[in-house]
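One letter stands for each residue in the lines below.
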Amino acid sequence: MVAVAFSGIIKKAAGGADTVEVEARTIRELLTRLETQLPGLKPHLDKGVAVSIDGEIYRDAWFKEIPPDAEVFIIPRLAGG
């Protein structure tokens, strides 16, 4: 199990949860299971998110393994110009 932390708009979409426990070994598994477990996250996941694992940010690294004791955050993609 991996503890995943949320903040800001992602926390709101997760029903106000600060963290959830998810059974996932890779980023792809994590995002797929989050979508199933917390359907309110789907629009944000569809837009694209980054995943921070122990302070390192990953984008589109679907098969990056997540250590069981890792600090994991879901970060919304920022629009800018």
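Basis of the calculations
- Residues numbered from 1 in each chain as written.
- Predicted model: local features only at pLDDT ≥ 70, side-chain atom pairs only at ≥ 80, totals over all residues.
- Heavy atoms only, no water.
- Helix = DSSP H or I, 4+ residues; strand = E, 2+ residues; numbered from the N terminus.
- Rg over C-alpha atoms; globule rule 2.2 N^0.38 Å.
- Buried < 20%, exposed > 50% of the residue type's maximum accessible area, 1.4 Å probe, protein only.
- Contact = heavy atoms within 4.5 Å.
- Lys, Arg positive; Asp, Glu negative; His and termini not counted.
- Charge placed at Lys NZ, Arg CZ, Asp CG, Glu CD.
- Salt bridge = Lys/Arg side-chain N within 4 Å of Asp/Glu carboxyl O.
- Arc of directions from axis to C-beta.
- Pairing = 2+ DSSP bridges.

Participant: Would you mind going over the overall build of the protein with me for this structure?
Facilitator: Secondary structure summary: the protein contains three helices and five strands in total. The order of α-helices and β-strands along the protein, N terminus first, is β-α-β-α-α-β-β-β. Computed over its C-alpha atoms, the radius of gyration of the protein comes to 11 Å, within 12% of the 12 Å expected for a compact globule of 81 residues. The dimensions of the protein, computed from C-alpha atoms along their principal axes, are 30 × 30 × 20 Å. The 81 residues of the protein split such that 37% are buried. In the protein, the proportion of contacts linking residues at least 24 apart, taken out of those at least 6 apart, comes to 48%. Taking the average place of the 10 positive charges on the side chains of the protein and the average place of its 12 negative ones, the gap between the two points comes to 8 Å.

Participant: What am I meant to see in the pattern of salt bridges here?
Facilitator: Between side chains of opposite charge, pairing is possible as soon as their charged atoms come close. This structure, assessed with the given rule, holds five salt bridges. The residue Glu29 makes a salt bridge to Arg25 at a minimum N-O spacing of 3.4 Å. Given a relative accessible area of 59%, Arg25 falls into the exposed group. Between Glu35 and Lys42 there is a salt bridge, with its nearest N and O atoms 3.9 Å apart. On the accessibility criterion, Glu35 (29% relative accessible area) is partly exposed. Counted as one network, the salt bridges with shared partners bring together Arg25, Glu29 and Arg33.

Participant: Would you explain helix α2 (residues 27-37) in this entry?
Facilitator: For an α-helix the count is 3.6 residues per turn, leaving residues at separations of three or four pointing the same way. Ile27, Leu30, Leu31 and Leu34 are the residues of α2 that are buried. Seen end-on, α2 carries its buried residues on one side only, within an arc spanning 90 degrees. Residues of α2 that are buried sit in contact with β1 (2-5), β2 (19-22), α3 (42-47), β3 (49-53), β4 (56-58) and β5 (72-76).

Participant: In this structure, what is going on with the pairing of β3? I would like to understand it.
Facilitator: As a general feature of sheets, a regular strand has side chains that alternate between the two faces. Burial of β3 is extensive: five of the five residues sit out of reach of the surface. Pairing geometry for β3 and β5, over five bridges, is antiparallel. If you follow Ile53 over to β5, its bridge partner there is Val72. Taken together, the three bridges between β3 and β4 define a ladder with antiparallel strand orientation. Counted as the bridge partner of Ser52 is Ile57 from β4. In sequence, β3 turns back onto β4 through a hairpin of two residues, with Asp54 there showing a positive phi of about 50 degrees.

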